[in-house]
2 protein chains.
Amino acid sequence: MIGPYSFKEYMQVVESFHGSTAPGLLAGGFMVDLAMKRMPEGALLNAICETQACLPDAIQLLTPCTVGNSRLKIINLGRFALSLYEKDNGEGFRVFFDSGRLESWPGIATWLFKLKPKAEQNQERLLAEIREAGQRLCGVQPIRVDPKHLHKKNKGRISSCIQCGEPYPLQDGPICLACQGETPYVSIPGRQPGRSTHLVLVKPQHPGKTSRGLVSNCSMCGEPYPESDGPVCRACQGESVKVIRD
Amino acid sequence: MIGPYSFKEYMQVVESFHGSTAPGLLAGGFMVDLAMKRMPEGALLNAICETQACLPDAIQLLTPCTVGNSRLKIINLGRFALSLYEKDNGEGFRVFFDSGRLESWPGIATWLFKLKPKAEQNQERLLAEIREAGQRLCGVQPIRVDPKHLHKKNKGRISSCIQCGEPYPLQDGPICLACQGETPYVSIPGRQPGRSTHLVLVKPQHPGKTSRGLVSNCSMCGEPYPESDGPVCRACQGESVKVIRD
């Protein structure tokens with residue numbers, strides 16, 4: 001059993017969610033199961049995952065903790081390890097890959113330490129080894145999570161960004177982080193929406209929405225502004241905003 | 001329909017995975033579905049989510065992209081928005097909450113802008129409004145993801161950390177990030193493992209494993225070392241390591 005699943009069921013769930021029966025999800029299944037069994041019944045669990053690779057999905061499939069419900073935190077320390085802990089006091093257990101026990105499992109050692117390129121590794125043998133080794137590969141240690149990681153940060157007040165018009169947490173600044181230049185997109189002004197049997201929902205009456213693109217600092221006033229507005233921002237083009245005070 | 005699910009099925013899947021039928025998952029379901037329908041059939045999809053709250057779970061449930069398979073990247077810009085794009089060229093669509101359309105949905109506006117404390121909001125009415133509004137609340141824009149976000153970083157060589165003994169990416173430094181002080185745990189030297197019908201797997205023959213705890217810089221040599229070793233590191237206590245060269 002891995003969590004509530006038989007081995008076969010778990011592999012099916014993994015394939016459906018993760019897209020493949022990755023070795024990290026199988027090893028991760030044993031690890032999460034081991035941590036879960038140590039936690040008190042009925043405890044409100046949170047999780048920390050020390051890697052971004054594979055293991056977060058095993059946690060999301062086998063515990064109530066997901067990225068979207070904020071109960072799984074990924075702190076990328078590069079170690080294939082996870083902790084489950086009680087939300088209120090931070091007490092719980094950390095499960096890690098004990099590399100001192102790898103001697104009997106050469107396939108697992110080759111995979112974990114990347115001793116051969118992936119294509120040269122025998123995937124079937126690797127999965128068989130992980131299944132055979134199961135929880136014997138894992139170390140467990142009691143932990144207490146640093147209180148600074150226990151509490152969810154409050155986003156505070158939400159407002160519409162005066163630049164893009166979208167709701168954002170006011171504590172991020174006078175405009176949202178994307179409009180401050182942290183957007184991961186580059187502008188594609190000429191591109192048309194692709195295939196669709198759906199209504200195109202970019203509203204023509206909201207031209208601001210379609211002008212989103214590269215944001216620069218205006219060379220006159222220094223404020224961030226959408227480049228599509230011209231060589232300087234609209235305010236410096238003469239459209240300055242009147243501030244009305246009571 | 002939301003993705004491959006009927007409304008009722010989707011809510012069941014959400015409750016099982018996320019733990020509750022949160023409004024963000026329902027709104028997110030409509031948003032993800034809208035983005036999915038715009039992408040070419042058979043395209044290898046990746047996703048960017050601009051918030052950590054709720055929306056990542058809708059993406060993980062309705063697309064092949066998860067945190068653990070590295071196809072979902074969360075770039076927290078504080079906006080309730082997501083993009084799906086083709087892995088190779090970064091082209092795709094961004095779907096966002098169009099706050100200009102909220103006038104007809106006061107419950108949604110109250111929730112989104114946190115105009116009332118959560119306990120005073122009518123959850124049932126909110127879900128009904130989101131269901132009624134559906135994709136009419138969403139804006140869509142074509143995007144191209146900045147090439148710097150398209151490629152997965154290679155972790156490079158993996159080695160055992162000389163301090164904790166666990167495998168870690170060598171590019172993180174001479175010891176792993178946790179041993180460099182980024183661990184989210186505080187030490188609990190006296191605590192015993194909790195309830196268990198399972199074998200306790202902390203190996204006594206690996207004392208290094210159980211001594212993991214606070215790491216400080218040694219006041220004599222300045223190197224990081226586990227505080228449990230004493231007031232100075234073992235090397236400075238006289239146990240210095242002989243380096244043997246060929």
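Residue positions are counted from 1 within each chain, in the order its sequence is given. In the order they appear in the text, chains get letters beginning with A and ligands get numbers beginning with 1. Two thresholds apply to this predicted model, a pLDDT of at least 70 for residue-level local features and 80 or more for giving and counting side-chain atom pairs, whereas whole-chain, interface and lining totals are computed over all residues.

## Examining the interface of chain A and chain B
Okay, so step 1: By the convention adopted here, residues are in contact when the distance between their C-beta atoms, placed from the backbone, does not exceed 7 Å. Listed by partner, the interface residues are 75 residues for chain A and 75 residues for chain B.
Okay, so step 2: When residue character is reported, Ala, Val, Leu, Ile, Met, Phe, Trp, Tyr, Cys and Pro are called nonpolar, Asp, Glu, Lys and Arg charged, and the others, Gly included, polar. Split into classes, the residues belonging to the side of chain A that touches chain B amount to 38 nonpolar, 21 polar and 16 charged.
Okay, so step 3: Pairing geometry for strand β5 (residues 138-145) of chain A and strand β8 (residues 185-186) of chain B, over two bridges, is antiparallel. Its bridge partner lying in β8 of chain B, Arg 144 of chain A is registered against Val 186 of chain B. DSSP calls a pair of strands paired once it identifies at least 2 bridges connecting them. Numbering of helices and strands runs from the N terminus, with a helix taken as a DSSP run of H or I at least four residues long and a strand as a DSSP run of E at least two residues long.

## Quick look at the sheet that holds strand β8 (residues 185-186) of chain A
Okay, so step 1: Reading across from one edge, β8(A)-β5(B)-β4(B)-β3(B)-β1(B)-β2(B) is the order of the six strands in this open sheet, with mixed pairing throughout. Pairing within the sheet leaves two strands with one partner each, and these edge strands are β8 of chain A together with β2 (72-74) of chain B.
Okay, so step 2: One ladder, built from seven bridges, connects strand β4 (residues 91-97) of chain B with strand β5 (residues 138-145) of chain B; its direction is antiparallel. Along β5 of chain B, the bridge assignment pairs Phe 97 of chain B with Cys 138 of chain B.

## Here's the deal with helix α2 (residues 23-38) of chain B
Residue and element names in this part refer to chain B.
Okay, so step 1: What a helix is expected to span follows from its residue count: subtract one and scale by 1.5 Å. In this model, α2 (16 residues) spans 23 Å end to end at C-alpha, consistent with the 22 Å of a helix rising 1.5 Å per residue.
Okay, so step 2: Whether a residue is buried, exposed or partly exposed follows from its count of other C-beta atoms within 10 Å of its own C-beta, namely 20 or more, 12 or fewer, or something in between, respectively; the C-beta atoms are built from the backbone. Among the 16 residues that make up α2, twelve are buried, leaving the element largely enclosed by the rest of the structure.
Okay, so step 3: Among the residues of α2, Gly 24, Leu 25, Leu 26, Ala 27, Gly 28, Gly 29, Phe 30, Met 31, Val 32, Asp 33, Leu 34 and Ala 35 are the ones counted as buried.
Okay, so step 4: Where α2 is buried, its residues meet α1 (7-18), α3 (55-62), β3 (81-86), β4, α5 (123-133) and β5.

## Section: the sheet that holds strand β2 (residues 72-74) of chain A
Each strand in a sheet pairs with its neighbour through backbone hydrogen bonds, running either in the same direction (parallel) or in the opposite one (antiparallel).
Okay, so step 1: The strand order β2(A)-β1(A)-β3(A)-β4(A)-β5(A)-β8(B) describes an open sheet built from six strands, whose pairing is mixed. Among the strands making up the open sheet, the edge pair consists of β2 of chain A together with β8 of chain B.
Okay, so step 2: Pairing analysis gives five bridges linking strand β1 (residues 45-49) of chain A to strand β3 (residues 81-86) of chain A, with the strands arranged antiparallel. Residue pairing across strands places Ile 48 of chain A opposite Ser 83 of chain A, the latter belonging to β3 of chain A.

## Quick word on the relation of the copies chain A and chain B
Okay, so step 1: We place the copies in one frame by least squares, fitting the C-alpha atoms of every residue whose pLDDT is at least 70 in both. Once chain A is rotated about the relating axis by 180° and shifted along it by 0.0 Å, it coincides with chain B to within an RMSD of 0.0 Å. Expressed as an axis order, the relation between the two copies is that of a two-fold axis. No C-alpha of chain A lies nearer the rotation axis than that of Val 67 of chain A, which sits 4.0 Å from it.
Okay, so step 2: A shared interface surface links the copies, since 100% of the contact residues of chain A are contact residues in chain B too.

## Examining the packing of helix α2 (residues 23-38) of chain A against helix α5 (residues 123-133) of chain A
All names here are of chain A.
Okay, so step 1: In contact at an axis separation of 10 Å, α2 and α5 are set at 5° when each is read in the N-to-C sense. With respect to their mutual orientation, α2 and α5 come out roughly parallel. Taking contact as the criterion, the partners of Pro 23, Leu 26 and Ala 27 in α2 are, on α5, Leu 126, Leu 127, Ile 130 and Arg 131.
Okay, so step 2: Its residues assigned to classes, the contact of α2 with α5 shows six nonpolar, no polar and one charged. For helices, the fitted line uses only the C-alpha atoms of the stretch in contact; every axis is such a line through C-alpha atoms, and the angle between N-to-C directions lies from 0 to 180 degrees. Roughly parallel here means an angle under 35 degrees, roughly antiparallel means over 145, roughly perpendicular means 65 to 115, and every remaining angle is called oblique.

## Regarding unusual backbone geometry
Okay, so step 1: Positive phi, close to 50°, is recorded for Lys 114 of chain A, a residue that is not glycine.
Okay, so step 2: Assignment of secondary structure puts Lys 114 of chain A in the loop between α4 (106-112) and α5.
Okay, so step 3: Backbone geometry at Cys 54 of chain B places phi at a positive 60°, although glycine is not the residue there.
Okay, so step 4: Residue position: Cys 54 of chain B is located in the loop between β1 (45-49) and α3.

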